[in-house]
Amino acid sequence: MEKLTSVQLREKWLNFFKERGHAVIPSSSLIPENDPTVLFTTAGMHPLVPYLLGAKHPAGKRLTDVQICVRTGDIDEVGDATHCTFFEMLGNWSLGDFFKKEMIKWSYEFLTEVLKIDVNKLAVSVFEGDEDCPRDEESAALWKECGIPGDRIFYLPKKNNWWGPAGITGPCGPDTEMFIDTGRPKCGEHCSPACDCGKYIEIWNDVFMQYNKQADGSYVPLEQKNVDTGMGLERTLCILNGYRSVYETDLFAPVVNRICELTGAVYGEDEQTTKAIRIVADHIRTATFIIGDVRGVTPSNVDQGYVLRRLIRRAVRFGRVLGLGDGVLSELAGMYVDIYKGEYGYLADNAEKIRSEINKEEEKFRATLQQGLKEFEKVITHIPTRTVSGKTAFRLYDTFGFPLEMTVELAKEKGFEVDEAGYAAAFEEHQKRSQAGAEQKFKGGLADNTEATARLHTATHLMHAALGKVLGGEVRQRGSNITAERLRFDFGFDRPMTPEEIKETEKLVNDAISAALPVVCEEKTVAEAKAEGAIGIFDSKYGEKVKVYSMGDFSKEICGGPHAANTSELGRFRIVKEQSSSAGVRRIKAVLE
Ligand code: SER
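Notes on the structure follow. This structure is a prediction, so every number in the text was calculated from the model and none was measured. (Residues numbered from 1 in each chain as written. Predicted model: local features only at pLDDT ≥ 70, side-chain atom pairs only at ≥ 80, totals over all residues. Heavy atoms only, no water.)

Each packed pair of helices is defined by two parameters, the angle between the axes and the distance between the axes. In the contact formed by helix α7 (residues 253-263) and helix α8 (residues 271-292), the axes pass within 10 Å of each other and the chain directions differ by 125°. With respect to each other, α7 and α8 are oriented oblique. Judged by the sense of rotation from one axis to the other, the crossing of α7 with α8 is right-handed. Contact residues: α7 offers V255, V256, I259 and C260, while α8 offers I277, V280 and A281. Looking at side-chain class alone, the contact of α7 with α8 contains seven nonpolar, no polar and no charged residues. (Axes fitted to C-alpha atoms, helices over the stretch in contact; angles between N-to-C directions. Helix = DSSP H or I, 4+ residues; strand = E, 2+ residues; numbered from the N terminus. Parallel < 35°, antiparallel > 145°, perpendicular 65-115°, else oblique. Left-handed = near helix turned anticlockwise from the far one by under 90°. Contact = heavy atoms within 4.5 Å. Nonpolar A, V, L, I, M, F, W, Y, C, P; charged D, E, K, R; others polar.)

This is the structure in structure tokens:
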């Protein structure tokens, strides 16, 4: 049977929903803008949060896309057949338009008519109900109407059949999930998609987003009822083509083959080798996308940069086990650029940066890895308990560049544990001593849609405009992160700002605040926005219209919002810090008082 390719599956998905009135929108960046509650975009719905909460989307009420996502919560599982740290999510949405009836019918149609999955192989689950939300009899009845018999409809609790929010607060609701029944015998009387015996494999999730979860844990009904669905591209390709793992799909196979060719390793021969090959293939793919993103980051010791560092260093370690030579990881990254550049052209534009950042990080780590591993061996042969002390773990980090997670993993392989609390204490102690702990880390717990963050978001636009006026030329935004306490803004500029320039920037922003400018939002095409001199990231591929926020003649910027209604709501603006972020990039932190 001819195999379905990734290009075909993406196309089938988008066409199916286009034919049903959906607008095809481009994938957003992997690095969320203005959302401090998560480091990466973890689902297709994530960039759409403002619209799920009621803001009007420029492309309409029915949307579909293929969103690139990173989830590192399961990084330890990578190496098995299905877990990936990066994946593409096929998604479609109703923003207060259609609901359960249409979506369940379409899901059935897509699975059985487009993907031609045998209906006898389908099983579904629906929400069993609790004090927050009633039992979902409606969805069960709709599935029955489609022809799914009652014994393949499972009622499951919140733990299984509820989705979101993506961060701590935000839109969420009960879902109905679709599974392929592999035909294996039931593992017991209560065998269901909720158990992990492997009989049922999830392929699609339709979320009926009806609630907005609050910081206090309560669920407030949303005025606008939405549908949010997600199907994993890699996993679906794997199932439809009858592969044993996602690594056999056209997205991975060339890289897996190249690793084998270079090392003489045989994929699938033994568990250890297969796992190592998969880890290298997975982590380098994710690193390629993180570095090559439109808001790409480079390896560092904080936030996304730290995750990236961990991924590359873990790939180096497992590559070494396989006997992969120096500098090969960046060659593999280049292969991914080729595999994906048809869909994500910016990877090709950033190919050189991807190559050099991976090489730099690999070199840095290789210089200490060997010695660090020796040190690790020495330590564990000499400790009487089966616990590696926090101090040792910190020394491995500080001197040899071992991320804590790597030490934990190495220890686990030997049947040891690591005193992680002790590590945290040693880390803190070190930070205090070196006075490097000035950076106030965001502690979580705040939605991205509070009034405080909206005001800081508006202030970011004013400051962005002011920087352009003060520093001249094109001050290009490189990153933005907003918490309820402060804004943080990275921009390309190759020297520190002078105290006068900082003062002038503050003054321009405060003048704009005093002028009580209304914040006006208009929908325009990218071409119109560009022609009017709006600033912002023009990364739309299919995106027809964008939102342009203007504040008088002072600022005009493409952005998804949310914002304050008038600049007079902002209070007084003050820059608290201007520092280097990385080569050629400055970072400003500022507050509203
Ligand atoms: N948000 C849901 C998920 O991630 C459906 O898209 O599974």
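Moving on: the pairing of strand β9 (residues 219-232). Where strand β3 (residues 86-95) lies against β9, seven bridges are found, and the strand directions are antiparallel. Opposite M89, over in β9, you have G232 as the bridge partner. Taking the residues that link successive antiparallel strands as the turn, the strand β8 (residues 200-213)-β9 hairpin has five residues, and the phi of G217 there is positive, at about 95°. (Pairing = 2+ DSSP bridges.)

Turning next to the environment of E131. Of note, E131 is situated in the loop between β4 (122-127) and α4 (137-146). Look at E131 and you get exposed, because its relative accessible area is 73%. (Buried < 20%, exposed > 50% of the residue type's maximum accessible area, 1.4 Å probe, protein only.)

With that out of the way, let us pick up α7. Listing the buried residues of α7 in full gives V255, V256, I259 and C260. The arc enclosing the buried residues of α7, seen along the axis, measures out at 140°, which places them on a common side. On the buried face of α7, the contacting elements are α8, α9 (303-322) and α10 (328-340). (Arc of directions from axis to C-beta.)

Let us look at helix α3 (residues 100-114). The end-to-end C-alpha distance of α3, which contains 15 residues, comes to 20 Å, matching closely the 21 Å that a straight helix rising 1.5 Å per residue would cover. For α3, the full list of buried residues reads K100, M103, I104, W106, S107, Y108, E109, F110, L111 and T112. Just beyond α3, the residue with positive phi is K116, at close to 60°. (Expected span 1.5 Å × (residues − 1).)

The ligand sits among A43, M45, R71, M89, W163, N205, V207, D228, T229 and G230. Here a nitrogen atom of the ligand and a side-chain polar atom of D228 are 2.8 Å apart. A distance of 3.3 Å is found between an oxygen atom of the ligand and a backbone nitrogen or oxygen belonging to T229. Of all the elements in the fold, those that place two or more residues in the shell around the ligand are β8 and β9. Per element, the largest residue contribution to the shell around the ligand is three residues, and it comes from β9. Here the shell around the ligand is composed, by residue class, of five nonpolar, three polar and two charged. (Near = heavy atom within 4 Å. Polar contact = N/O pair within 3.5 Å; in protein donor to acceptor, adjacent residues only side chain to side chain.)

Core analysis: the largest hydrophobic core is formed by 110 residues, its most contacted members being W204 and L332. Broken down by element, this core gets its largest block of residues, 10 residues, from α8. Counting residues in hydrophobic clusters, the runner-up holds 32 residues, among them M463, L471, Y549 and A564. (Core = buried A, V, L, I, M, F, W, Y, C linked by side-chain atoms within 4.5 Å.)

Attention now moves to the sheet that holds strand β12 (residues 476-482). The antiparallel open sheet is built from four strands, whose spatial order is β12-β13-β18-β17. Across the chains shown, the open sheet's two edge strands, defined by having one partner strand only, are β12 and β17 (573-582). Across this sheet, the average inter-strand angle for adjacent strands is 20°, counted without regard to direction. Bridge count between β17 and strand β18 (residues 585-592): eight bridges; the pairing is antiparallel. The residue bridging E578 from the neighbouring strand is I588, located in β18. With respect to the sheet, helix α16 (residues 451-471) is in contact with β12, β13 (487-492), β17 and β18, its orientation differing from that of β13 by roughly 30°. Along the sheet, helix α17 (residues 499-514) makes contact with β17 and β18, crossing β17 at roughly 135°.

With respect to the helices and strands, the residue H464 is situated in helix α16. Its relative accessible area of 5% is what places H464 among the buried residues. Apart from the residues lying within four places of it in its own chain, the contact partners of H464 are V475, Q477, F489, I535 and E557.

It is worth spelling out the pattern of salt bridges at this point. The full count for this structure, using the stated rule, is 37 salt bridges. E261 is the partner of R258 in a salt bridge, and the nearest nitrogen-oxygen pair spans 2.4 Å. Separated by three residues within a single helix, R258 and E261 lie in helix α7, roughly one turn from each other. Each member of the salt-bridge network shares a partner with another, and the members are E19, R20, K105 and E109. (Salt bridge = Lys/Arg side-chain N within 4 Å of Asp/Glu carboxyl O.)

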